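Notes for the structure review
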Amino acid sequence: MIGADPHIVIVGAGQAGLQAAETLRSEAFEGRITLLGAEPHPPYQRPPLSKAWLTDHLDPEQLTLRDLSVLERKQIDLCTGTSVSAIDVKSQSVLLHDGRALTYSGLVLATGATPRQLPQAQGAGDLVCTLRSRADADVIARRLRNCAQGELPLVVVGGGFIGLEVAASARKLGIAVTILEAASRLLERVLSQDLSDWYARLHADRGTTLIFDARIAEIRKTSDHAAEVRLADGTCIVAGLVVVGIGVTPNDELARNAGIACETGIVVDACGRTSVPNIVAAGDCTVRRLSDGSMLRLESVQNAVEQGRSAASALLGAEKPSLGAPWFWSDQYEMKLQIAGLSRGADTHVLRGDMESHSFSIFHFSESCLVAVDSINAARDHMIARDLIGRRISPTAQQAGDTTFNLAKLRTVLA
Ligand SMILES: Cc1cc2nc3c(=O)[nH]c(=O)nc-3n(C[C@H](O)[C@H](O)[C@H](O)COP(=O)(O)OP(=O)(O)OC[C@H]3O[C@@H](n4cnc5c(N)ncnc54)[C@H](O)[C@@H]3O)c2cc1C
């Protein structure tokens, strides 16, 4: 598939791009690998950016995914600060921002996603931030310090994972926080009502003000250090910083301009193959077409790693789709949420444990089949559930809700 003098170019040096490069080597690919990243840093992990990076003074090395010496040893040519501006599918080449062109025999697109901006915030300048990169997180960390010193509040727009994690980090720093959520509950697209309500209580108990059904009319800067957030109902909130976490748009324009099929993201199959031969894609920039024709978009470390692996294998001609259950985690205060599987379409929700104890799981069933489990501080439930979902083994709803029933037993009984 790759031809003589093979050269695989990877666009995007994030979680998925790095994984693709390393998989090529572990699958014994001996040709050239070039990993191109627009950011100035070597591949790093994003999850700490909304968590410990804002509160705990981590060293940059603690974010780094791979030591440069490891990449050198694996003969992966990393080019940081290098952005690809176009793909020419016919000549099999990519055009770099500085005018240079690189030919490829195989191409991996791992360009990630860009946070959505809030149109009403145009008049607020640098007091309104989104969070995706280390550079964004550094600005937010600096501004949070100003908020703490000047006793200015933080306003978070969007009660999704990133917004809630930033809110928890700011509360740890002693900053007053208001969360503005357009829906009637937190994390509406991903969590059941019970867990949404539990999260709302958690944040409220820790001193955060939550406003639901919030409609933002305007955010404007009133001084060098303060902005005013005005809601449609006339409420005005003063903020030293506004962090907007209202979702992301997949970075698919390179692919779109090159004629590669895109919907909301680059369309890939279970192996990461795009509509163009020798071009695969992985991670947050993709949307996967499932066997029933529906589309699935995941934004998680696990998805980036598994798609990076599958996509690299596909370029080498091997079919290695990711078969396990999707999983995700979020840390807010001392609570670790772990999600295994996909709860969309679930018809039955069963609580295992006690929500007040802050260690419990919610099992989601569709037509009596276990499809997802959300666990709070219940790592064992999560690990077992992931395994059961991946192997399509289902407890009954009654077994799931009975904490004296050993779920792990099902793996041996039914395997
Ligand atoms: C603050 C934050 C917290 C998160 N927390 C969690 C968590 O707790 N758990 C979890 O599972 N997931 C979490 N995620 C999500 C997870 O980090 C992402 O799903 C994952 O990083 C996606 O990897 P990726 O490689 O697809 O994209 P990215 O990591 O975004 O990498 C894409 C890279 O491509 C580069 N790029 C884009 N276009 C070009 C171009 N034209 N030329 C060259 N380079 C280009 C970008 O600059 C970027 O560096 C979090 C994300 C953020 C932002």
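Counting restarts for each chain, with residues numbered from 1 along the sequence as it is written. At least 70 in pLDDT is required for a residue's local features to be given in this predicted model, at least 80 for side-chain atom pairs to be given and counted, and no such filter applies to totals for whole chains, interfaces and linings, which use all residues. Side-chain numbers here rest on the full set of heavy atoms in the structure, without hydrogens or water.

Structural notes on the environment of Ala397
Inspection of the secondary structure assignment puts Ala397 in helix α10 (residues 397–401). For the pair Ala397 and Leu49, spaced 348 residues apart in sequence, the C-alpha to C-alpha distance is 37 Å. Each residue touching Ala397, except ones within four places of it in the same chain, is listed here: Val350 and Phe365. Secondary structure elements are taken from DSSP: a helix is a run of H or I of four residues or more, a strand is a run of E of two residues or more, and numbering for both begins at the N terminus. Any two residues having at least one pair of non-hydrogen atoms within 4.5 Å are treated as being in contact.

Quick word on the domain arrangement of the protein
Domain start and stop positions are those given by an automatic or database domain assignment. By domain assignment, the protein separates into domain 1 (7–114 + 248–315), domain 2 (119–244) and domain 3 (327–414). If you average the C-alpha positions of domain 2 and of domain 3, the two centres end up 30 Å apart. Both faces considered, domain 2 and domain 3 share a buried interface measuring about 1,600 Å² in area, 64% of it formed by carbon and sulfur atoms. Within this document, salt bridges are pairs made up of a side-chain nitrogen of Lys or Arg and a carboxyl oxygen of Asp or Glu, the two lying within 4 Å of each other. Here domain 2 and domain 3 share 1 salt bridge between them. The salt bridge partner of Arg206 is Glu334, with a shortest N-O separation of 2.7 Å. Counting of polar contacts relies on pairs of N or O atoms within 3.5 Å, with two restrictions inside protein: one atom must be capable of donating a hydrogen and the other of accepting it, and residues adjacent in sequence are counted only when both atoms are side-chain atoms. Inspection of the domain 2/domain 3 interface yields 5 residue pairs in polar contact (both at pLDDT 80 or more). Among the secondary structure elements, those contributing two or more residues to the side of domain 2 that touches domain 3 are α5 (161–172) and α6 (193–205). Under the convention adopted here, Pro, Cys and the residues Ala, Val, Leu, Ile, Met, Phe, Trp and Tyr are nonpolar, Asp, Glu, Lys and Arg are charged, and Gly plus all remaining residues are polar. Tallied by class, the residues present in the side of domain 2 that touches domain 3 amount to 10 nonpolar, 3 polar and 6 charged. Throughout, buried area stands for the accessible area (probe radius 1.4 Å) lost by two parts on being put together, summed over both.

Examining the packing of helix α1 (residues 15–26) against helix α8 (residues 301–315)
Axes here mean lines fitted to C-alpha atoms, for a helix over just the part in contact, with angles spanning 0 to 180 degrees between N-to-C directions. Between α1 and α8, the shortest axis-to-axis distance is 7 Å and the interhelical angle comes to 35°. As α1 runs across α8, the sense of the crossing is right-handed. Counted together, Gln15, Ala16, Gln19, Ala20, Thr23 and Leu24 of α1 and Val301, Ala304, Val305, Gly308, Arg309, Ala312 and Ser313 of α8 form the full contact between these two elements. Across the contact of α1 with α8, the residue classes tally to 7 nonpolar, 5 polar and 1 charged. Crossing handedness follows the turn of the near helix against the far one: under a right angle anticlockwise gives a left-handed crossing, and clockwise gives a right-handed one.

Quick word on the layout of surface pockets
A cavity, in this analysis, means grid points on a 1 Å lattice covering only the protein atoms where a 1.4 Å probe fits yet has no way out; a pocket is instead an open set bounded by protein on both sides within 12 Å along at least five of seven lines, and a residue lines either one if it has an atom within 4 Å of a point. Grid points are joined across faces, edges and corners, and a volume is the space filled by probe spheres set on the points. Considered as a void within the structure, the second largest pocket measures approximately 860 Å³ in volume. Lining the second largest pocket are 29 residues, with Leu290, Gly324, Pro326, Leu342 and Arg392 positioned closest to its centre. For the lining of the second largest pocket, the secondary-structure elements that each account for two or more residues are β21 (286–289), α8, β27 (369–376) and α9 (379–390). Taken together, the residues that form the lining of the second largest pocket break down as 13 nonpolar, 10 polar and 6 charged. Residues lining the lining of the second largest pocket come from more than one domain, with at least three contributed by each of domain 1 (7–114 + 248–315) and domain 3 (327–414).

Some details on the site of the ligand
Neighbouring the ligand are 31 residues; Glu39, Arg46, Lys51, Arg132 and Asp284 lie closest to it. Between an oxygen atom of the ligand and a side-chain N or O atom of Arg46, the distance comes to 2.8 Å. Residue Val84 places a main-chain N or O atom 2.9 Å away from a nitrogen atom belonging to the ligand. Note on areas: Shrake-Rupley with a 1.4 Å probe; residue coverage comes only from the protein chains shown. Computed on the free molecule, the ligand has an accessible area of 1,000 Å², of which 92% lies beneath the protein chains in the complex. Within the residue set of the shell around the ligand, elements represented by two or more residues are α1, α8 and β23 (327–332). Of the residues contributing to the shell around the ligand, the split by class is 14 nonpolar, 11 polar and 6 charged. For this purpose, a residue is taken to be near a molecule or strand whenever a single non-hydrogen atom of the residue falls within 4 Å of it.

Digging into the UniProt feature "domain: Reductase C-terminal" (unreviewed entry) in the protein
UniProt positions are given in the numbering used here, feature names are shortened, and annotations may be inferred rather than shown by experiment. UniProt tags residues 327–410 as "domain: Reductase C-terminal" (unreviewed entry). Secondary structure across residues 327–410 comprises 24% helix and 43% strand; the distance between its end C-alpha atoms is 20 Å.

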